[in-house]
Amino acid sequence: MKIIVLILVGAFLLLLLMLDKKQVKAMFEKLSIFWFRLAFAFLGLFLLNIAGGFIGIYFPVNIASGLLLAILGIPGLAALCAFALFL
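Nothing here was measured: the structure is a model prediction, and the numbers come from that model.

For this particular structure, what's the right way to read the overall build of the chain?
Assigned secondary structure in the chain consists of 4 helices and 0 strands. Helices (α) and strands (β) of the chain occur, in sequence order from the N terminus, as α-α-α-α. A compact globule built from 87 residues would reach a C-alpha radius of gyration of about 12 Å, whereas the chain, at 18 Å, exceeds it by more than 25%. The C-alpha extent of the chain, read off along each of the three principal axes, is 55 × 30 × 20 Å. Within the chain, buried positions represent 17% of all 87 residues. Once local pairs closer than 6 in sequence are excluded, the contacts in the chain between residues at least 24 apart make up 39%.

Below, the structure written as structure tokens:
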């Protein structure tokens, strides 16, 4: 396991060495936006789970539904609602 982590860290550092300063800044900006969206997706899932409990609909709070909501946004929310209603 340690070897895999070391290889991944080494590959990431080599990637950073190959990029210039603007590309690295843009990459970290996109990564931070993704983490921000993921955090709000989990907050939204938590609130949906609480609100859905009052009417008997369960929204699963896991990494798959969080990624679905973070990447797709509103269509992901519609997909989660469809999964909750029909499954």
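Which parts of the structure should I look at to understand helix α1 (residues 2-18)?
Since the α-helix packs 3.6 residues into each turn, any two residues three or four apart lie on the same face. Here α1 contains 17 residues, and its C-alpha end-to-end distance of 24 Å stays within 8% of the 24 Å for a straight helix at 1.5 Å per residue. Along α1, only 0 of the 17 residues are buried, which leaves the element largely exposed.

Looking at this model, I keep getting lost on the nonpolar core. Mind explaining?
One broad trend across soluble globular proteins is that nonpolar side chains are buried collectively. L38, A41, L45, L69, A70 and L80 together form the largest nonpolar core, which totals 6 residues. For L38, the contacting residues outside a window of four places in its chain are G66, L67 and A70.

Explain the packing of helix α3 (residues 63-72) against helix α4 (residues 74-86) here, please?
For any two helices packed against each other, one specifies the inter-axial angle together with the distance between the axes. Taken N-terminus to C-terminus, the directions of α3 and α4 make an angle of 145 degrees; their axes are 6 Å apart at the nearest point. Contact residues: S65, L68, L69 and L72 in α3; I74, P75, G76, L77, A79, L80 and F83 in α4. Taken together, the residues that form the contact of α3 with α4 break down as 9 nonpolar, 2 polar and no charged.

Conventions and cut-offs
Residues numbered from 1 in each chain as written. Predicted model: local features only at pLDDT ≥ 70, side-chain atom pairs only at ≥ 80, totals over all residues. Heavy atoms only, no water. Helix = DSSP H or I, 4+ residues; strand = E, 2+ residues; numbered from the N terminus. Rg over C-alpha atoms; globule rule 2.2 N^0.38 Å. Buried < 20%, exposed > 50% of the residue type's maximum accessible area, 1.4 Å probe, protein only. Contact = heavy atoms within 4.5 Å. Expected span 1.5 Å × (residues − 1). Core = buried A, V, L, I, M, F, W, Y, C linked by side-chain atoms within 4.5 Å. Axes fitted to C-alpha atoms, helices over the stretch in contact; angles between N-to-C directions. Nonpolar A, V, L, I, M, F, W, Y, C, P; charged D, E, K, R; others polar.

These values are about where atoms sit, not about what they do.
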